[in-house]
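# Structure assessment
Listed here are the chains, written in short residue letters.
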Amino acid sequence: MNFVYVDKEPVLIKALDYLSSGDVWFIDTETTPKDIRLFQVGLESGPIYVIDFFFVKRAPELIKDIIAKKGVVGHNLKYDLKYLMKYDIHPYTTFDTMIGAQLIGLNRFSLVSVYNYFTGESIDKKEQFSNWSSKELTESQIFYAAKDVEVLRLLYEKLKNELNKEPTIVEILQKSRVAKVFGLESAHAIIEMGFVQELAKIEHTGIGIDTKEIEAMKKQLQKKTQELAMNFYIKYRIDISSPKKVGEFLENHLNISLPRTDKDNIITDDSVLAEYLDSENEKAKDVISSVLEFRKLHKLQEKLSEILEYNENNRVHPEFWQIGAVTGRMSSSRPNVQNIPRDLRSILKAKDGYVFVIADFSQIELRIAAEYVKDEIMIDIINKGEDLHKFTASLITGKSLEDITKEERQRAKAANFGLIYGISEKSLSLYARNSYGVDMSIEEAKRFREVFFSTFQGIKAWHERIKKELKAKGEIRVKTLGGKPMIAYTFTDAANYPIQGTGAELLKLSVLIFSQELKRAFPSIFHEVANVVNLVHDEIVVEAKEDYKEEVSKLLEKSMIKAGSILLNNVKVEAEIVINDRWVK
C-alpha cells in the first residue's frame, strides 16, 4: 500500500495539486472527541495521503474549496461529514459504502463486515481506539488510517455494481450530482446517497428545547402519577406499577382472562388491556383505565428525562439512522425526537428570531397505494381534490359528502389507512379506537371492509396477488416506486413495505430538493435562512429565520410537491404547512 504521511504544508499543497485531478475522493478521518486529527484521502488509485490536522494548521482552509467540487466516498460517512462541518468543509456530493451495504440487503454493515462479505478476509482494527491525541503518532496508527481508504476503493466498485443491477430509472434523477459523479442509476440509490450529507447537517444543526417548560412538565407529571398510584393503592391494595400484580388482580379478583407467555406469565401489555375497556365489568374497566393512564403519564416523564439527558445549551443533537427499518424509514435516538407524543411537542422550540415551518404530506400512504396499484377510482377521487375519507364515509352511511360528521370521517379515515394494508375486522376496530379515538364495532368494521374492497378494486386485486404468490412461494419480492428491493414473508409486510418504503424515499427526496431550492434562492446566506431540524415519516420540520418564513414555506411546499411528481406519475401530492415558534400544528 502506497501512502504518504503529511505533516508539513508544502507537502499538502503538492498532494492537493495531485488530488485535484480526480472527481472522486475516498476519505476517512481519525478524531479526538472534538477535532479531526487525521484526514485520509486518495483517488481511485495511486497514493493515499494521511494529513495531520494537528501539524498542518491550514489544512482545512486548503482542502475546503477543492473538496467542494468533489464527490466523496466513505464508510459511515455521516460521522466524518459532521466533523468536517466544524471546519465549514462541505463536499459536492456523497457515496456511503455503509448505506450501500444496507441497500443491497446486508444485515451486518460495519467496514469489517462488508469487507469480509466481498473478500472473505478481515481487517485489523486494533488501532481504532488508540490515542489519536498523542503528539507523535505511531507508524502502526498511520498505516491503519491509510488502510481504510484502500478498503473503500474496493467496496465502492463492488457496491456500485450491485446497486446498478436491475435499476429503476427516473430520468430527472439521472441529472443529479450523485448520478453524474458516481454513475449510479437506480432512483432509490441516488436518493439515499444524496441524502447522507443532508442527514449529517440535520444532526449537526440540532433542534431547540425549552428546558424550563420540560422541568415544569416533569414536576406536574410526577405529581399526577404519584396521586394516581396512591389512590389506586388505597382502592385496590396493589402496586399499579407492577404488571405481575395487576395481572393477578384482574384474573383472581375480577375474573378477567388474560393471555399468557410460553413460560405461563400473564401478559398485561397496553394493547392487551385495551381490549377489555368495553367490558361490562365496571370495576375491571376502572382498574384497566387507571393502569393505562398511569403508564401513559410514566412514559411521558421518561421521554422528558431522555430529552434533558442530551441537552447541550438548550439544544439536542439526535442521532438518526438513515435506514432505520427494512423499508428505508429513518429512526432516531440519543434522544429519539421522532416519537415525541403530540402532548409534549411544544417543548421543542425555535431559537430566538426563528420559527418552525412544519410541513407534512396529506394522506400520503393512500396516495402512494393508489399510484402503486393503479386503483382508478382512488386516483380519480384524489386528483379531483375530493376528501377520500368523506367519500368512504358516504359509501357507508349513504349521506352526501357535505353531511358527513367529524366522527364519521374519523371512522372512515381509520378504515382507509388500515384497509390498504388489509387489516382484519378485529384489528380495524382496535385501530380506530387506539389511533383515531373513535369506537367501531366488529360489525361496523366488517361493513367497512366489504364496502372498501368492493369500491377499490385495484387494492383488492393487489392483496389477492400477494396472497396467491405467498401461498405458492412462501415469500414475495417487492419494490418501492424508487426501485428499492425487499423480500416479504407475510401478507402484512408485503402490503406495507412498498408503501412505507416509497414514503421514506419521498421524504428524503423532498429534503434534497428543498436544500437545492434554498441555495438557489439565498446563495450566500442559505445556512442562516433555514435548516431542516427534524423528520418524522411524512413530516419535515424546518427552522427558518422569521424574516424569511413565508419564502421558506413556499420553497418547502414546492419541493415536496416536486418530489411527489418525480416518484408518483399519476397521483397528485399535497403538502400542508403550519408556521409556529413551537413544534405544534
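This text goes with the structure placed above it.
Throughout, a residue's number is its position along its own chain's written sequence, starting from 1. The predicted nature of this model means local features are confined to residues of pLDDT at least 70 and side-chain atom pairs, given and counted, to a pLDDT of 80 or more, with totals for whole chains, interfaces and linings taken over all residues. Hydrogens and water molecules were not included; the side-chain quantities draw on all heavy atoms of the structure.

### Quick word on the environment of glutamate 306
Counting through the fold element by element, glutamate 306 comes out in helix α12 (residues 282–309). Glutamate 306 sits 152 residues away from glycine 458 along the chain, and the two C-alpha atoms are 44 Å apart. Two residues form a contact once any of their heavy atoms are found within 4.5 Å. Residues in contact with glutamate 306, not counting those within four places in the same chain, are Arg334, Pro335 and Asn336. Definition of a polar contact: a pair of N or O atoms within 3.5 Å, with one able to donate and the other able to accept a hydrogen when the atoms are protein atoms, and with sequence-neighbouring residues admitted only if both atoms are side-chain atoms. For glutamate 306, the side chain forms a polar contact with the side chain of lysine 303, separated by 2.7 Å. Engagement of the side chain of glutamate 306 in a polar contact is seen with the backbone nitrogen of asparagine 336, the distance being 2.7 Å. By the criteria applied, helices consist of DSSP H or I runs no shorter than four residues and strands consist of E runs no shorter than two, each listed in order from the N terminus.

### Notes on the pairing of strand β3 (residues 36–42)
Of all seven residues making up β3, seven are buried, and the element is well covered by its neighbours. Note: strand β2 (residues 24–31) against β3, six bridges, orientation antiparallel. Paired with threonine 31 across the bridge in β3 is isoleucine 36. Adjacent in sequence and paired antiparallel, β2 and β3 are bridged by four residues. In short, DSSP must find at least two bridges between two strands for them to pair. Examined bridge by bridge, β3 and strand β4 (residues 48–52) share five bridges and lie antiparallel to one another. Among the inter-strand pairings, glutamine 40 is bridged to a residue of β4, identified as valine 50. Between the end of β3 and the start of β4, which pair antiparallel, lie five residues, with glycine 46 showing a positive phi angle near 90 degrees. Remark: exposure states derive from per-residue accessible area (1.4 Å probe, protein chains only) relative to the maximum for the residue type, with buried under 20%, exposed over 50%, and partly exposed in between.

### A few points about helix α3 (residues 77–85)
Among the nine residues of α3, seven are classified as buried, and the element is accordingly described as predominantly covered. Burial in α3 covers these residues: Leu77, Lys78, Asp80, Leu81, Tyr83, Leu84 and Met85. Of the surrounding secondary structure, the elements contacted by the buried residues of α3 are β2, β3, β5 (71–74), β6 (93–96), α8 (187–205) and β9 (319–321).

### Side note on the packing of helix α1 (residues 9–19) against helix α2 (residues 59–67)
Relative orientation of the contacting elements α1 and α2 amounts to 10 degrees, with a least axis distance of 11 Å. In terms of orientation, α1 and α2 fall into the roughly parallel class. Residues Glu9, Leu12, Ile13 and Leu16 of α1 form the contact with α2, whose own contacting residues are Ala59, Leu62, Ile63 and Ile66. Side-chain classes are defined by residue name, with Ala, Val, Leu, Ile, Met, Phe, Trp, Tyr, Cys and Pro counting as nonpolar, Asp, Glu, Lys and Arg as charged, and the others, Gly among them, as polar. Residues that form the contact of α1 with α2 fall into these classes: seven nonpolar, no polar and one charged. Geometry is summarised by axes, namely lines fitted to C-alpha atoms with helices restricted to the contacting stretch, and by angles between N-to-C directions that run from 0 to 180 degrees. Here roughly perpendicular refers to angles of 65 to 115 degrees, roughly parallel to angles under 35, roughly antiparallel to angles over 145, and oblique to all remaining angles.

### Quick notes on the packing of helix α9 (residues 211–236) against α12
Where α9 contacts α12, the axes come no closer than 9 Å and their chain directions differ by 155 degrees. Relative to α12, α9 is oriented roughly antiparallel. The handedness of the crossing between α9 and α12 comes out as left-handed. Partitioning the contact of α9 with α12 into residue classes produces 15 nonpolar, seven polar and seven charged. Throughout, a crossing is termed right-handed when the near helix is turned clockwise from the far one, and left-handed when it is turned anticlockwise from it by less than a right angle.

### Here's the deal with the nonpolar core
Counting residues in each nonpolar core, the largest one holds 194 residues, and the members touching the most others are Trp25, Phe39, Ile51 and Ile459. For phenylalanine 39, the contacting residues outside a window of four places in its chain are Trp25, Ile27, Asp28, Thr29, Tyr49, Val50, Ile51, Phe53, Ile63, Ile67 and Leu84. What makes a nonpolar core is a set of buried Ala, Val, Leu, Ile, Met, Phe, Trp, Tyr and Cys residues whose side-chain atoms join them at distances within 4.5 Å.

### Observations concerning the sheet that holds β5
The pairing of strands in a sheet comes from backbone hydrogen bonds and takes either a parallel or an antiparallel form. With mixed pairing, the six strands of this open sheet are ordered in space as β1-β4-β3-β2-β5-β6. Pairing within the sheet leaves two strands with one partner each, and these edge strands are β1 (3–6) and β6. Recorded for the sheet is a direction-independent mean angle of 25 degrees between the axes of neighbouring strands. The strands touched by helix α6 (residues 139–163) within the sheet are β1, β2, β3, β4, β5 and β6, with β2 carrying the most contacts at an inclination of about 140 degrees.

### Let's talk about the packing of aromatic side chains
Side-chain rings of Phe, Tyr and Trp, where Trp is taken by its six-membered ring, are said to pair if the distance between their centres is within 6.5 Å; with planes under 30 degrees apart they count as stacked, over 60 as edge-to-face, and otherwise as tilted. Following the criterion strictly, the structure yields 19 aromatic pairs and no others. Between the aromatic rings of phenylalanine 522 and tyrosine 548, the centroid separation amounts to 5.1 Å while the plane-to-plane angle is 70 degrees, which identifies the pairing as edge-to-face. One end of the pair, phenylalanine 522, is in the loop between α20 (491–521) and α21 (526–529); the other, tyrosine 548, is in the loop between β15 (539–545) and α22 (549–567), with 26 residues separating them in the sequence. Overall, phenylalanine 522 belongs to the buried group, its relative accessible area being 12%. A residue is classified by how much of its surface remains accessible, and tyrosine 548, at 24% relative accessible area, is partly exposed. Following the ring pairs from residue to residue traces out a cluster consisting of Phe26, Phe95, Tyr156 and Phe182. We count a charge as sitting over a ring when the NZ of a lysine or the CZ of an arginine lies within 6 Å of the ring centre and within 35 degrees of the ring normal. Over the ring of tyrosine 83 we find lysine 86, and its NZ or CZ is 4.5 Å from the ring centre. Lying across the ring of phenylalanine 491, lysine 467 places its NZ or CZ 5.3 Å from the centre.

### A look at the pattern of salt bridges
Between Lys or Arg on one side and Asp or Glu on the other, a salt bridge is scored when a side-chain nitrogen of the former is within 4 Å of a carboxyl oxygen of the latter. Applying the stated criterion across every chain yields a total of 43 salt bridges. Close ionic contact of aspartate 286 with lysine 235 constitutes a salt bridge, the shortest N to O distance being 3.0 Å. Pair noted here: aspartate 286 is in helix α12 and lysine 235 is in helix α9, with a separation of 51 residues, a long-range link. The class of aspartate 286 is partly exposed, set by a relative accessible area of 25%.

### A short note on the sheet that holds strand β11 (residues 354–361)
The antiparallel open sheet is built from four strands, whose spatial order is β14-β15-β11-β16. Strands at the two margins of the open sheet, each flanked by one partner only, are β14 (530–536) and β16 (575–580). Along the sheet, successive strands turn relative to each other by an average axial angle of 20 degrees, direction set aside. Across seven bridges, the pairing between β11 and β15 is antiparallel. By the bridge assignment, valine 357 is partnered in β15 with valine 542.

### Notes on unusual backbone geometry
Residue proline 335 is reached from arginine 334 by a cis peptide bond, and omega for that bond is -5 degrees. Residue placement: proline 335 occurs in the loop between β10 (331–333) and β11. Phi is positive for arginine 237, close to 60 degrees, though the residue is something other than glycine. You can see arginine 237 is positioned in the loop between α9 and α10 (243–254). Non-glycine residue aspartate 264 carries a positive phi angle of around 70 degrees. Tracing the backbone shows aspartate 264 in the loop between α10 and α11 (270–274).

Function cannot be read off these values alone, since they describe shape.
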